[in-house]
Amino acid sequence: MGHDEGPAKLVEGAALALREYAQITKLYLTGDTPQLEKELAKCGCNDGRIEIVHTTQVVEMHDSGIDAVRKKKDSSVSKAVDLVKDGAADAIVSAGNTGAAVAASTIKLRMLPGIERPAIAALMPTEKGGYFVLCDAGANPDPTPQQIEDNAIMAIAYCEHVLGKPNPRAGLMSNGSEEYKGNELALAAHALLKAGGLNFRGNVEGHDLFEGAVDVVVTDGFTGNVVLKTSEALAKSIFRLLKRELTANPVRKAGAMLCKPAFRAVNNVTNADNYGGMPLLGVNGVTIIAHGGSSPFAIKNALRNACSTVDHKLNPHIIEEVQRYRN
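**Student:** How would you summarise the pairing of strand 9 (residues 277-281) if you had to cite specific residues and measurements?
**Tutor:** The element strand 9 is extensively covered by neighbouring structure, given that five of its five residues are classed as buried. The pairing of strand 4 (residues 119-125) with strand 9 spans two bridges and is antiparallel. Among the inter-strand pairings, A119 is bridged to a residue of strand 9, identified as L281. In the sheet, strand 9 pairs with strand 10 (residues 286-290) via three bridges, with the strands oriented antiparallel. In the strand pairing of strand 10, G277 is matched with A290. Between strand 9 and strand 10, which follow one another and run antiparallel, lie four residues, and G282 among them has a positive phi close to 105°.

Here it is as structure tokens:
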């Protein structure tokens with residue numbers, strides 16, 4: 001119920017996912033039953049795998065995460081996390097208040113052994129056609145250096161065991177590639193990462209991010225969220241600028257038609273909808289965070305991401321990696 005535009009696009013995305021992913025055996029929709037039934041009817045979806053769990057409260061975007069969990073126990077996000085906690089569901093996908101989803105998952109599911117705070121892992125495209133994992137993209141804005149190292153361990157496990165990249169390379173977001181560059185947090189985190197036995201390649205700057213020099217970029221949740229949203233907004237702005245200039249006169253329009261396949265290919269790489277949602281690493285369960293304005297296509301892909309994370313048994317791998325680097 002927390003989507004920017006209500007449940008319509010979430011329900012449509014759920015219907016798309018059920019048509020495409022046979023591995024989904026049950027899909028719970030948590031929210032106001034009459035509204036959800038209305039949206040299912042609009043989609044022409046009567047899939048027997050859907051079960052509606054009625055809730056009476058909605059977490060608004062201005063609600064704090066902790067208050068949402070404590071004061072709105074019958075909200076759609078709280079009930080969804082309860083389904084995972086009770087073992088009825090394997091994963092939650094939320095496009096609502098990120099703080100509420102993080103708080104509910106952290107409090108109700110608890111943390112994995114050896115992990116203090118969760119982190120969001122976001123896939124970001126590179127010039128080489130691949131992608132890197134940005135972690136943390138918004139869960140923990142004020143981490144300790146130790147938690148930055150935890151982010152690296154978790155993101156490396158995700159990159160290797162879910163995305164299939166062997167021996168992922170990790171870098172630390174900073175304002176210079178030199179070891180002595182950065183604020184106090186970056187300097188302390190650099191020392192831990194360098195001594196921790198990880199495949200650590202040092203600092204990476206903003207202009208290095210999209211060159212593909214590393215597979216994992218770790219940072220605090222404040223910086224990571226700013227990088228994520230700025231990058232997504234820049235990609236959209238560039239395409240709007242291109243559209244304006246390429247439709248300015250008939251000659252440009254003709255050239256644009258010839259280049260249309262190339263533009264479409266670049267859009268597919270940079271469009272956040274293709275990635276769907278971002279896993280919340282570190283909690284004892286699977287939580288996928290989607291954007292509040294997600295399209296049905298994005299929700300479908302977020303559900304695909306949830307299935308993939310469950311199928312690859314990510315959390316046991318994170319526990320193994322934590323034990324490996326802590327011992």
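**Student:** Just give me the short version of the pattern of salt bridges, but keep the residues and values in it.
**Tutor:** Within the structure shown, the criterion is met by 14 salt bridges. The shortest N-O distance in the salt bridge between E39 and K42 comes to 3.8 Å. One end of the pair is E39 and the other is K42, both in helix 2 (residues 33-43) and three residues apart, which spans about a single turn. E39 gets classed as buried once you look at its relative accessible area, which sits at 12%. For K42, a relative accessible area of 58% puts it in the exposed group. We note a salt bridge from D215 to R169, for which the minimum N-O separation is 3.0 Å. Of this pair, D215 sits in the loop between strand 7 (200-204) and strand 8 (216-218) while R169 sits in the loop between helix 6 (145-161) and strand 6 (170-173); the two residues are 46 residues apart in sequence, bridging distant segments of the chain. On the basis of relative accessible area, D215 is assigned to the buried category, the value being 8%. Within this structure, K165, R169 and D215 form a network of salt bridges that share partners.

**Student:** Could you give me a rundown of the side chain of T55, with the residues and numbers involved?
**Tutor:** Take T55: it is sitting in the loop between strand 2 (50-54) and helix 3 (65-71). Of the residues examined, T55 reaches a relative accessible area of 2% and is grouped as buried. Discounting chain neighbours no more than four positions away, the residues touching T55 are T30, G31, D32, D74, S75, S76 and K79.

**Student:** Help me get a handle on the side chain of S105, residues and values and all.
**Tutor:** Topologically, S105 is positioned in helix 5 (residues 98-109). Polar contacts involving the side chain of S105 include one to the side chain of T287, which spans 2.9 Å. Sequence-distant contacts of S105, defined by excluding residues within four places in its chain, comprise V81, R110, L280, V283 and T287.

Here is what the cut-offs are and how they apply
- Residues numbered from 1 in each chain as written.
- Predicted model: local features only at pLDDT ≥ 70, side-chain atom pairs only at ≥ 80, totals over all residues.
- Heavy atoms only, no water.
- Buried < 20%, exposed > 50% of the residue type's maximum accessible area, 1.4 Å probe, protein only.
- Helix = DSSP H or I, 4+ residues; strand = E, 2+ residues; numbered from the N terminus.
- Pairing = 2+ DSSP bridges.
- Salt bridge = Lys/Arg side-chain N within 4 Å of Asp/Glu carboxyl O.
- Contact = heavy atoms within 4.5 Å.
- Polar contact = N/O pair within 3.5 Å; in protein donor to acceptor, adjacent residues only side chain to side chain.

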